[in-house]
Structure formats: C-alpha cells, structure tokens
Amino acid sequence: MNTNLKLCNMSKDNFLFKRGIKKLSSLAKNIDSEKIVKVVETVEKIRSTYSLEKKIKVFIAGSKQHNAERNAIRSEFMKISNASNNKLEIRGYSFEDFESFFSAEGRQMDYNCFIEDEADSVVFVLDNKVGGITFEEFERALKSYEKVKHPRIYVYSKQGILQSISPALQKKLQKSEYLSKILEPNSEIVKIKQLINQHAQYYVEYCNILDLQQKVAADFGKYLKS
C-alpha cells in the first residue's frame, strides 16, 4: 500500500506522534536503565500532551477562494479549544493541509479519504453557488453519514442578494422575470438544503465573516458543554 495512502487513514499529528515514540524506543535499546527511565518519562510527557479528553477533526470544504472564511473558522475552533482548559481540541483541516501528502491518485482522493474515514464533522462554506468538486465532497460526506453516522455536516451558506435586502424590495425585484432568474438560488444549493433537511443535518445562512464566526462559535461551542 502506498505510504501516502496510509497517511490518509491517520491525522498528521498522530503520524508525527507515533514516529517520535518509535524513535525514542529505538534509542532506549542502546542506553542504560537510568536513561531508559528518563526516556519513559519523556514519552509520558508527550503522551499527556496529546491525551486530551476529546479531539474533534473538522474538514473545511468549499471554494479555494474562501481563504478568509477558512481562517475565521479555524480562529473560532482555536478559541473554543483554548477555553476548554486542555479538555477539548477542535482542529480544522482543508486542502492546504494535504499539499505535501497527496497520493498517486491526486489530492482529491486524500480529501475524500479524510472526509469518509477521519473527519468527525465537515463544514461546507458556500456563497450561493456550489462547484462540482464541493458538491462531490458533500455527497461523499452524506453517504458516509448514512452508513456510519459520521461525519456530522454543517453548511454555512452566504446570503444571496435577494435574501440580504428588505422584503418590500424583494417583492419588486421578483416582479421582473429577468431579475428573478438572476437572483434565484443555485439549483445545487436548493438540493443541498433538501438533503440536509432529510438527514437532520445543519444548514444556516450568514451575511458576512463576523456573522459566520458568531454562528460557528455558537454551534461548535456546544462541545464545551457536552
């Protein structure tokens, strides 16, 4: 099995941790008992650092252009983790984290593998339209949830022009057949909303990055109470 494919089945943190433990174990073979005790103590310190009560891996999906949104979500995850006093870690992953670990089949295979086998949750950041790859990732996450009840799916969709204006102006714009077609939601967004409702997953609209941060903080902050 290709080494890069193996990395698909473990987080990078786990991989580095195991490699560090293996290195310390090999050193212990050639040193005296007193030093072995010190090695064991070092291993325990490393283990205790990683032994959080709960770890949550979240894949952040969506257009590559949503860099600001991804950073905002990661920032909220970090705030929640810091507030837990080392009892919880929510770690966000996206395509950037797989740049140097891609398999022979391509990075998309790695993303899909992580979504299906590793992620506890998948966050989709949309902007009133959905690209083909993002929709494929959504379908994979949904099929995995149907089979094994994970990952949980959270969809944050940016409000379209029609949703962000007053109801009175909405009615006026909708009277124009041309404008109503331009402003109507993307058909894949509509389909995603329907599937989310059918499977009791999470869908919410946001108006700007600050609103997105507040919604993510409220949604994932619930893990602090669980």
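This is a predicted model, so every value here is computed, not measured.

Quick word on the overall build of the protein chain
Scanning the protein chain from terminus to terminus reveals 10 helices and 5 strands. Here the contacts in the protein chain between residues at least 6 apart in sequence split such that 73% fall between residues at least 24 apart. Approximately 13,400 Å² of the protein chain is accessible, and the part contributed by carbon and sulfur atoms is 53%.

Thoughts on the packing of helix α4 (residues 67–83) against helix α10 (residues 209–220)
Two elements in contact, α4 and α10, have axes separated by 9 Å at closest approach and are oriented at 35°. You can see that α4 and α10 cross each other, and the crossing is right-handed. Residues Ala68, Glu69, Ala72, Ile73, Ser75, Glu76, Phe77 and Ile80 of α4 lie in contact with α10, whose contacting residues are Ile209, Leu212, Gln213, Val216, Ala217 and Phe220.

Regarding unusual backbone geometry
As a rule of thumb, non-glycine residues mostly have phi less than zero, and peptide bonds are mostly trans rather than cis. Following His150, the chain continues to Pro151 via a peptide bond in cis, the omega torsion being 5°. Along the chain, Pro151 falls in the loop between α6 (132–148) and β4 (152–158). Even without a glycine there, the phi angle at Asn85 is positive, about 55°. For Asn85, a relative accessible area of 65% translates into the label exposed. The phi dihedral of Lys149 falls on the positive side, at around 65°, and the residue is not glycine. Along the chain, Lys149 turns up in the loop between α6 and β4. Exposure remark for Lys149: the relative accessible area of 56% places this residue in the exposed category.

Overview of the sheet that holds strand β1 (residues 54–62)
Remark on secondary structure: sheet strands pair via backbone hydrogen bonds, oriented parallel or antiparallel. Taken in spatial order, the 5 strands make up an open sheet running β2-β1-β3-β4-β5, and their pairing is parallel. Edge positions in the sheet fall to β2 (88–93) and β5 (202–206), since each of these pairs with one other strand and no more. Across the sheet, the mean angle from the axis of one strand to that of its neighbour is 20°, orientation sign disregarded. Most of the contacts of α4 go to β2, to which it runs at about 170°, and overall it touches β1, β2, β3 (121–126) and β5. Each of β1, β2 and β3 is contacted by helix α5 (residues 107–117), which is oriented at about 140° to β1, the strand it contacts most.

Examining the pairing of β4
Along β4, 5 of the 7 residues are buried, which leaves the element largely enclosed by surrounding structure. Here β3 pairs with β4 via 6 bridges, running parallel. Residue pairing in the sheet places Val123 in a bridge with Tyr154 of β4. For the segment spanning β3, α6 and β4, crossover handedness is right-handed.

As for the packing of α5 against α6
Running from amino to carboxyl end, α5 crosses α6 at an angle of 30°, the nearest separation of the two axes being 9 Å. On the basis of their axis angle, the class for α5 and α6 is roughly parallel. As α5 packs across α6, the resulting crossing turns out to be right-handed. Packed against α5, whose contacting residues are Gln108, Tyr111, Asn112, Ile115 and Glu116, the element α6 presents Ile133, Glu136, Glu137, Arg140, Ala141 and Ser144 at the interface. A breakdown of the residues in the contact of α5 with α6 according to their chemical character gives 4 nonpolar, 3 polar and 4 charged.

Overview of α6
Taking 1.5 Å of rise per residue, the 17 residues of α6 would be expected to cover 24 Å, and the 24 Å separating its terminal C-alpha atoms lies within 8% of that figure. By the burial criterion, the buried members of α6 are Thr134, Phe135, Glu137, Phe138, Ala141, Leu142, Ser144 and Tyr145. Within two residues after α6, Lys149 carries a phi angle of roughly 65°, on the positive side.

Things to note about α4
Its 17 residues place the ends of α4 25 Å apart at the C-alpha level, agreeing with the 24 Å of an ideal helix rising 1.5 Å per residue. Inspection of α4 places Glu69, Arg70, Ala72, Ile73, Glu76, Phe77, Ile80 and Ser81 among the buried residues, and these make up the whole buried set. On its buried side, α4 packs onto β1, β2, β3, β5 and α10. Taken from the residues just after α4, Asn85 is the one with a positive phi, measuring 55°.

Quick look at the pairing of β3
Of all the 6 residues making up β3, 6 are buried; the element is thus mostly covered by neighbouring parts of the structure. Along β3, one buried face is formed by Ser121, Val123 and Val125 and the opposite face, lined by Val122, Phe124 and Leu126, is buried too. As defined by bridge partners, β1 adjoins β3 across 5 bridges and the pair is classed as parallel. Bridge pairing in β3 links Phe59 to Val122.

Cut-off values and rules
Residues numbered from 1 in each chain as written. Predicted model: local features only at pLDDT ≥ 70, side-chain atom pairs only at ≥ 80, totals over all residues. Heavy atoms only, no water. Helix = DSSP H or I, 4+ residues; strand = E, 2+ residues; numbered from the N terminus. Contact = heavy atoms within 4.5 Å. Areas by Shrake-Rupley, 256 points an atom, 1.4 Å probe, with all protein chains shown as cover. Axes fitted to C-alpha atoms, helices over the stretch in contact; angles between N-to-C directions. Left-handed = near helix turned anticlockwise from the far one by under 90°. Buried < 20%, exposed > 50% of the residue type's maximum accessible area, 1.4 Å probe, protein only. Pairing = 2+ DSSP bridges. Right-handed = clockwise from strand over helix to strand, strands pointing away. Parallel < 35°, antiparallel > 145°, perpendicular 65-115°, else oblique. Nonpolar A, V, L, I, M, F, W, Y, C, P; charged D, E, K, R; others polar. Expected span 1.5 Å × (residues − 1).

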